[in-house]
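# Results of the structural survey
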Amino acid sequence: MYELSIRTRFAAAHCIEDYKGPCSRVHGHTWQIEATVLGPQLNRLGMLIDFQDLKRILKNIVHKLDHQNLNELEPFKGGGEKSPTAENLARYIFEQLKPEITAMQGDLRVGLVRVWESPDASAVYKEVQPLS
Ligand SMILES: Nc1nc2c(c(=O)[nH]1)N=C([C@H](O)[C@H](O)COP(=O)(O)OP(=O)(O)OP(=O)(O)O)CN2
Ligand SMILES: [Zn+2]
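Because the structure is a prediction, the values reported are computed rather than measured.

We now examine the coordination of the zinc ion (ligand 2). Expected angles at a metal are 109.5 degrees for tetrahedral coordination by four donors and either 90 or 180 degrees for octahedral coordination by six donors. On the protein side, the zinc ion (ligand 2) has His-14 (NE2), His-27 (NE2) and His-29 (NE2) as donor atoms, found 2.0 Å from it. Mapped onto the sequence, the residues coordinating the zinc ion (ligand 2) show the spacing H-x12-H-x1-H. Here His-14 is found in strand β1 (residues 2-14), whereas its partner His-27 is found in strand β2 (residues 27-39), with 13 residues between them in sequence. For His-27, a relative accessible area of 22% gives the class partly exposed.

Quick look at the structure:
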């Protein structure tokens with residue numbers, strides 16, 4: 001199995017409602033997004049997927065989040081469990097990426113999406129592999 005990863009980043013504001021601390025106030029991050037794709041086979045150029053293609057797809061997804069207040073966007077509206085945390089962002093991006101990747105090539109899978117809120121803090125979303 002081959003595995004490759006790319007990173008991109010975007011800037012956006014958020015707050016965590018009901019959080020006890022400064023994160024309950026609106027503040028910004030440069031969010032860094034890492035996406036990992038898995039697959040068993042290389043193409044005729046010796047690539048699993050062209051980094052450029054993966055970057056383009058990921059950038060199109062994060063473009064909708066760039067320079068937004070994430071709390072105002074539909075997937076994160078209402079707070080609570082839907083709050084725009086690194087965890088929820090990772091799941092949202094994973095779910096947007098998954099159909100794009102499988103449409104591109106049937107044997108490709110999204111391994112994980114990692115969202116870095118700062119250089120020291122990140123969250124991952126991945127689907128648990130079924131036991132074989
Ligand atoms: N599990 C999570 N915990 C927290 C999240 C999150 O998304 N998932 N988010 C926050 C806040 O958004 C906050 O902005 C981040 O706080 P923190 O990591 O403490 O960042 P700082 O740079 O302000 O921290 P230092 O104390 O300067 O290291 C909180 N928790
Ligand atoms: Zn924050």
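Let us now look at the sheet that holds β1. The strands making up a sheet associate through hydrogen bonds between their backbones, and the pairing can be parallel or antiparallel. Taken together, 4 strands build an open sheet; the order of strands is β1-β2-β3-β4 and the sheet is antiparallel. In the strand order of this sheet, the two ends are held by β1 and β4 (121-125), each with one partner. For this sheet, the mean angle separating the axes of adjacent strands, direction not counted, is 20°. With 13 bridges joining them, β1 and β2 adopt antiparallel strand pairing.

Looking now at the UniProt feature "active site" (unreviewed entry) in the chain. Per the UniProt entry, the sites bearing "active site" (unreviewed entry) are Cys-23, His-67 and Glu-117 in this numbering. As for its position among the elements, Cys-23 is in the loop between β1 and β2. Summarising the element assignment, His-67 is placed in the loop between α1 (51-63) and α2 (86-104).

When you line up the elements, Val-113 lands in strand β3 (residues 109-118). In this structure the C-alpha to C-alpha distance between Val-113 and Glu-95, which are 18 residues apart in sequence, comes to 9.5 Å. Look past the residues within four positions of Val-113 in its chain and what remains in contact with it is Ile-33, Glu-34, Ala-90, Ile-93, Phe-94, Leu-97, Ala-123, Val-124 and Tyr-125.

So, on to the UniProt feature "binding site: Zn(2+)" (unreviewed entry) in the chain. Annotation from UniProt places "binding site: Zn(2+)" (unreviewed entry) at His-14, His-27 and His-29. These residues run over 16 residues, yet every pair of their C-alpha atoms falls within 8.1 Å of each other. The residues touching His-14, leaving out its near neighbours within four places in the chain, are Arg-25, Val-26, His-27, His-29, Trp-31, Asn-69, Leu-70, Asn-71, Pro-84 and Glu-117. Beyond its immediate chain neighbours, meaning those up to four positions away, His-27 contacts Ala-12, Ala-13, His-14, Cys-15 and Pro-22.

Cut-offs and rules
- Residues numbered from 1 in each chain as written.
- Chains lettered and ligands numbered in written order.
- Predicted model: local features only at pLDDT ≥ 70, side-chain atom pairs only at ≥ 80, totals over all residues.
- Heavy atoms only, no water.
- Donors = N, O, S within 2.8 Å, 3.2 Å for Na, K, Ca; no water.
- Helix = DSSP H or I, 4+ residues; strand = E, 2+ residues; numbered from the N terminus.
- Buried < 20%, exposed > 50% of the residue type's maximum accessible area, 1.4 Å probe, protein only.
- Pairing = 2+ DSSP bridges.
- Axes fitted to C-alpha atoms, helices over the stretch in contact; angles between N-to-C directions.
- UniProt positions renumbered as here; feature names shortened; annotations may be inferred.
- Contact = heavy atoms within 4.5 Å.

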